[in-house]
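# Descriptive analysis of the structure
For reference, the chains in residue letters:
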Amino acid sequence: MYDEEFPFIPDYKAPNSSNLFKYLQNDIDKINIKGLKKYSKFVVFLVDGFGWKQYNDLEEEQIPTLYNSKSTPIHSCLPTSTPTVLASIVNSLTPIQHGVFGVRVPAPQSIDSFENNSLLNILAWHIETKTSNNDLSFNKSATPDYKNYMQNQSLSQNSNINYLTRRHFLFGEFTKVHLLKNYFGWATRGQMISKAKELLKDKPYLFLYDDVIDLVSHSCGVNSKEYLYDVKKLDDFIKDLRSELDDDTALLVTADHGIINVGERISCKPLEALNVIVSGESRFRLVTWPQNATDYEIDLALSIAWEIVGDTGIVVKISDAIADGWFGPIDGDSGETIKIESLDRLKNSLVMIPRGDKIYVNEAYEHEKIVKSMHGSATKTEVEVPLILVEKNG
């Protein structure tokens, strides 16, 4: 069934993923959960891929700790993609401010010359080029300087916050640049607890990250037996974590996006005949045309995109999506117009986003042909995430 309101655009002026730490520090009364003011320290535990709908679909016996806790829905960001939302929540910036638009975007050399149809993988930080037999080649040496290429506005990471994630993420380029300093790693959930307690002695705010629910959802599907097993184990862990934290420390559980089991896989192969680059993700499919494209070529790209999408979703020019506030207000907090030079690589682009459970498959990526669930689009299921206050008597 399709969401009634589509596209579901995040409200970036209310408490959401891009400003949660700002509200906790400066305007906590506007967060719709009673009792937050009594705490002097705050742990924000982001469970990757655990949306508001998923949370509400579970029964008490499946998640007793979370089920019996105070909660409210808040909005994530667009696209509903992990790198986009992590860059937002860690740096208290909207996507239009930090410039991270999903996992894959056109590589700089492809923007200048479409002879090299290459994509930049944001998380792995390497160039991916499709070969003539539809395989992918990888070239890390050709990647641009991360900060100069991606960044739209200076990062505003708060010095009062420590960040604790899986240890192997510490060595990635995404972490090094967009998640910056005050970053620490855990190898096991037991170590996450001990490290969290240690870091809270240093700073009053702590961000935790765990990706198990996202991984099991992609691999096995939402509500699969594997998913329900991992959800129960997560709830058990949250109970243990809460019991180990001091009474003056709030434990808030949230997510970066919801996730939807995949139904029909719709191929984007008709776009290959055009002089365009197909990037983005299967529920936020970017199509970019050359800087010197004629009106006819642009109209043709739009027409083919609409033929692929049909009544399963919508096709929108990125310039129109920016103007409509999909990625955050164009006007900054002080009323100034936000500079969007770093989005120049996408100004000649459209985006295809689905309603319901469809995905738009790039044939070069085998995982898109087998993934069990996905996210990225502007449905309410993907945009709404929980904010759950877990108390010791919860």
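Now for a look at the structure at hand.

About the criteria used
Residues numbered from 1 in each chain as written. Predicted model: local features only at pLDDT ≥ 70, side-chain atom pairs only at ≥ 80, totals over all residues. Heavy atoms only, no water. Axes fitted to C-alpha atoms, helices over the stretch in contact; angles between N-to-C directions. Helix = DSSP H or I, 4+ residues; strand = E, 2+ residues; numbered from the N terminus. Parallel < 35°, antiparallel > 145°, perpendicular 65-115°, else oblique. Left-handed = near helix turned anticlockwise from the far one by under 90°. Contact = heavy atoms within 4.5 Å. Nonpolar A, V, L, I, M, F, W, Y, C, P; charged D, E, K, R; others polar. Expected span 1.5 Å × (residues − 1). Buried < 20%, exposed > 50% of the residue type's maximum accessible area, 1.4 Å probe, protein only. Arc of directions from axis to C-beta. Salt bridge = Lys/Arg side-chain N within 4 Å of Asp/Glu carboxyl O. Pairing = 2+ DSSP bridges.

### Concerning the packing of helix α9 (residues 189-200) against helix α11 (residues 225-244)
When two helices pack together, their arrangement is given by the angle between their axes and by how far apart the axes lie. The interhelical angle for the contact between α9 and α11, taken along N-to-C directions, is 30°, at an axis separation of 10 Å. Viewed along their axes, α9 and α11 adopt a mutual orientation that is roughly parallel. Helix-helix and strand crossings are classified by hand; for α9 and α11 the assignment is right-handed. Along its contact with α9, which presents Arg-189, Met-192, Ile-193 and Lys-197, the element α11 presents Lys-233, Leu-234, Phe-237, Asp-240, Leu-241 and Glu-244. For the contact of α9 with α11, the residue count by class is five nonpolar, no polar and five charged.

### Comments concerning α9
Three- or four-residue spacings in an α-helix give side chains the same orientation, since the helix completes a turn every 3.6 residues. Counted at 1.5 Å a residue, the expected span for α9 with its 12 residues is 16 Å, and the 17 Å between its end C-alpha atoms agrees. By the burial criterion, the buried members of α9 are Met-192, Ile-193, Ala-196, Leu-199 and Leu-200. The buried side chains of α9 occupy one side of the element, clustering within an arc of 135° when seen end-on. Lining the buried residues of α9 we find β1 (41-47), β7 (161-166), β8 (183-186), β9 (205-210), α11 and β10 (249-254).

### Notes on the pattern of salt bridges
If charged atoms from side chains of opposite charge come close, those side chains can pair. Throughout the structure, instances matching the rule amount to 18 salt bridges. A salt bridge links Lys-30 to Asp-27, with the nearest nitrogen and oxygen atoms 3.3 Å apart. Taking relative accessible area as the criterion, Lys-30 reaches 54% and is therefore assigned exposed. A residue is classified by how much of its surface remains accessible, and Asp-27, at 29% relative accessible area, is partly exposed. A salt bridge links Glu-244 to Lys-197; its shortest N-O distance comes to 2.9 Å.

### A few points about helix α4 (residues 82-91)
Most of α4 sits inside the fold, with 10 of its 10 residues counted as buried. Turning to α4, its buried residues are Thr-82, Pro-83, Thr-84, Val-85, Leu-86, Ala-87, Ser-88, Ile-89, Val-90 and Asn-91. Immediately downstream of α4, the backbone of Ser-92 shows phi near 55°, a positive value.

### Notes on unusual backbone geometry
Geometrically, the link from Phe-6 to Pro-7 is a cis peptide bond, its omega value of 0° lying close to zero. Along the polypeptide, Pro-7 turns up in the segment before α1 (20-26). Positive phi outside glycine occurs at Ser-92, with the angle close to 55°. Along the chain, Ser-92 turns up in the loop between α4 and α5 (95-98). Among the residues examined, Ser-92 registers a relative accessible area of 11% and is labelled buried. Of note in the backbone geometry, Asn-223 takes a positive phi value of approximately 70° without being a glycine.

### Focus on the sheet that holds β8
The strand order across the open sheet built from seven strands is β2-β19-β10-β1-β9-β7-β8, with neighbouring strands paired in mixed fashion. Edge positions in the open sheet fall to β2 (70-75) and β8, since each of these has one partner strand only. Taking the axes of each pair of neighbouring strands and ignoring which way they run, one obtains an average angle of 25° across the sheet. Here four bridges tie β7 to β9, and the two strands are oriented parallel to one another.

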